[in-house]
Amino acid sequence: MPVQTIPPRIRWAVELMDVQSNDQVLEIGCGPGAGAELICAKLETGKLFAIDRSESGVDRTKRRNHAYVEAGRLVVRQIDLATLRVPVKRLNKVFAFNVNLFWVRPCDDEVALLHERVVPGGAVYLFYDAHQPELVPNIVKKTSAALAKAGFRVSVVEQKAPAVIGIIGKR
């Protein structure tokens, strides 16, 4: 099986999250599993719960990260955030990359669920490719508003190369 590369934008995002060995992390929209691979490599006693609405995303993440699934560090489920019941009571970090839910439609219930599950001092990290600069202000405005409305303290980070925007909601 060929080695799968990890895009620099995903590396940057995961590094910014500063995953600790005992973190309980939720990844929304795990897709091909690159983020899960990087996050799980940092976990020892912690766990990553990865979800995706797409069956192919779940399958790709499981295949790419089979060793982490077997080791019990990674649980992958086909489900959307609205119907998620996280198997742990408290999360340290939530990670999503290019998940449009947070800026294309109302997401009060989903963000309230995250606020309920993220421990004080924990954070939600929502990253987006910024290669369409005309979309960035709308993404930042709507995503920030959704997080703030749920009680998160919001900050925005940006990287120029590769072009990525991050909206971080701290609890």
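Residues numbered from 1 in each chain as written. Predicted model: local features only at pLDDT ≥ 70, side-chain atom pairs only at ≥ 80, totals over all residues. Heavy atoms only, no water.

(A) Structural view of the pairing of strand β4 (residues 91-97). Among the seven residues in β4, six count as buried, and that is most of the element. The pairing of strand β1 (residues 24-28) with β4 spans four bridges and is classified as parallel. Its bridge partner being in β4, I28 is matched across the sheet by A96. In terms of strand pairing, β4 meets strand β5 (residues 118-129) through six bridges, oriented parallel. Across the sheet, the residue bridging to F97 is F127, located in β5. (Buried < 20%, exposed > 50% of the residue type's maximum accessible area, 1.4 Å probe, protein only. Helix = DSSP H or I, 4+ residues; strand = E, 2+ residues; numbered from the N terminus. Pairing = 2+ DSSP bridges.)

(B) Representation of the packing of aromatic side chains. Using the criterion set out here, one finds four aromatic pairs in the structure. Here W12 and F127 contribute two aromatic rings whose centre-to-centre distance is 5.8 Å and whose plane-to-plane angle is 75°, an arrangement assigned as edge-to-face. Remark: F127 occurs in strand β5 and W12 occurs in helix α1 (residues 8-17); sequence separation between them is 115 residues. A single burial state applies to W12 and to F127, both of which are buried. A ring pair is formed by F97 and F127, whose centres lie 6.1 Å apart and whose planes are at 20°; its orientation type is stacked. In this pair, F97 is assigned in strand β4 and F127 in strand β5, connecting sequence segments 30 residues apart. Owing to a relative accessible area of 11%, F97 belongs among the buried residues under this scheme. Here a set of aromatic residues connected by ring pairs shows up, and it is made of W12, F95, F97, Y125 and F127. (Phe/Tyr/Trp six-rings, centres within 6.5 Å; stacked < 30°, edge-to-face > 60°.)

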